[in-house]
Amino acid sequence: SSSPFGRNLQAFLTWAAVGHRLEISRKDELLDMIATQLSASLGVHMAGEIADKLRKRERQQPTGLPGGLALVGATKNGLPATSLGVFTLVKPIPWGGRATDRVDVVLVVMSPHEQRQAQLWMLGRLARMIQHEGFVDQVRGGLQWPRASVIALMMVFTLVLVVSAAMAFAYGGGEKSNGEG
């Protein structure tokens, strides 16, 4: 990997929060549940503050992407680490400003301000994973999978990306890092 964070992917997954087949019909309700799960996975009592940060991020610019996916990144001082969240819904819910913007898969990277570079690195890796054909469908189809299976799936995709980037770089076909992750 072109980033020092690539050597410690497991650290991100240690703090992972996962929710599957959630029967939630409103974005605010989902953001509250995500905040509760992230707070619990990080071992802090900050669910309300995390929910506020997620809402603020969504007010700045909705994070919905084509294909029923949202990729959310927010920061909050006082968190012990950068955390990854993977959440799937039984039915898509309204997400953006248009009635047609609906989401049923939400990926979240929450971090303390001092780990903003780690967060940006992880968001970049997730963005690459999303582009792989079938990745979102596999996450969505993994609704019945246990937490460990989703984390293992994300680790496999990330490792494929890291190894591919390393091989491309080693053989002269990769991009050089500009130090921004």
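Up top you'll find the structure we're talking about.
Report follows, based on the coordinates. Note that this is a predicted model, so its numbers are computed, not measured. (Residues numbered from 1 in each chain as written. Predicted model: local features only at pLDDT ≥ 70, side-chain atom pairs only at ≥ 80, totals over all residues. Heavy atoms only, no water.)

1. Concerning the pairing of strand 1 (residues 17-22)
The side chains of a regular strand alternate, first on one face of the sheet and then on the other. With 5 of its 6 residues buried, strand 1 lies for the most part within the structure. As paired strands, strand 1 and strand 4 (residues 83-94) are joined by 4 bridges and run parallel to one another. Counted as the bridge partner of Gly-19 is Phe-87 from strand 4. (Buried < 20%, exposed > 50% of the residue type's maximum accessible area, 1.4 Å probe, protein only. Helix = DSSP H or I, 4+ residues; strand = E, 2+ residues; numbered from the N terminus. Pairing = 2+ DSSP bridges.)

2. Overview of the packing of aromatic side chains
Per the stated rule, a full pass over the model turns up 0 aromatic pairs. It is Lys-27 that lies over the ring of Trp-95; its NZ or CZ is 4.6 Å from the centre. (Phe/Tyr/Trp six-rings, centres within 6.5 Å; stacked < 30°, edge-to-face > 60°. Lys NZ or Arg CZ within 6 Å of the ring centre and 35° of its normal.)

3. Concerning the pattern of salt bridges
Within this structure, the stated rule accounts for 6 salt bridges. With a shortest N-O distance of 2.5 Å, Asp-32 and Arg-55 are connected by a salt bridge. You can see Asp-32 sitting in helix 2 (residues 27-42) and its partner Arg-55 sitting in helix 3 (residues 47-60), a full 23 residues away along the chain. Measuring nitrogen to oxygen at the nearest pair gives 2.9 Å for the salt bridge that ties Arg-140 to Asp-137. (Salt bridge = Lys/Arg side-chain N within 4 Å of Asp/Glu carboxyl O.)

4. What about the side chain of Lys-76?
In this structure, Lys-76 sits in the loop between strand 3 (69-75) and strand 4. A polar contact of 3.0 Å, which involves the side chain of Lys-76, links it to the side chain of Glu-49. In contact with Lys-76, not counting residues within four places along its chain, are Met-46, Glu-49, Lys-53, Met-110, Ser-111, Pro-112 and His-113. (Polar contact = N/O pair within 3.5 Å; in protein donor to acceptor, adjacent residues only side chain to side chain. Contact = heavy atoms within 4.5 Å.)

5. Overview of the environment of Leu-89
On the secondary structure map, Leu-89 appears in strand 4. As a C-alpha pair, Leu-89 and His-20 span 69 residues in sequence and 6.4 Å in three-dimensional space.

6. A few points about unusual backbone geometry
In this structure, Arg-21 takes a positive phi of about 50 degrees despite not being glycine. With respect to the helices and strands, the residue Arg-21 is situated in strand 1.

7. Examining the environment of Lys-56
Within the fold, Lys-56 resides in helix 3. Between the alpha carbons of Lys-56 and Ala-74 there is a distance of 8.7 Å; along the sequence they are 18 residues apart.

8. As for the nonpolar core
One finds Leu-30, Ile-34, Leu-54, Trp-95 and Val-106 to be the most contacted residues of the largest nonpolar core, which totals 28 residues. Within the residue set of this core, elements represented by two or more residues are strand 1, helix 2, helix 3, strand 3, strand 4 and strand 5 (102-111). Sort the elements by how many residues they give to this core and helix 2 lands first, with 7 residues. In contact with Trp-95, other than residues within four places in its own chain, are Lys-27, Leu-30, Leu-31, Glu-58, Thr-63, Gly-64, Ala-70, Val-72, Asp-101, Arg-102, Val-103 and Val-106. In terms of nonpolar packing, the next biggest core, distinct from the first, is built from 17 residues, Leu-69, Val-86, Leu-126 and Phe-135 among them. (Core = buried A, V, L, I, M, F, W, Y, C linked by side-chain atoms within 4.5 Å.)

9. Some points on the pairing of strand 5
Of all 10 residues in strand 5, 9 are buried; the element is thus mostly enclosed. The pairing of strand 3 with strand 5 spans 7 bridges and is parallel. Bridging from a neighbouring strand, Val-72 pairs with Val-108 of strand 5. The sheet contact formed by strand 4 and strand 5 spans 8 bridges and is antiparallel. Within the sheet, the bridge partner assigned to Phe-87 lies in strand 5 and is Val-106.

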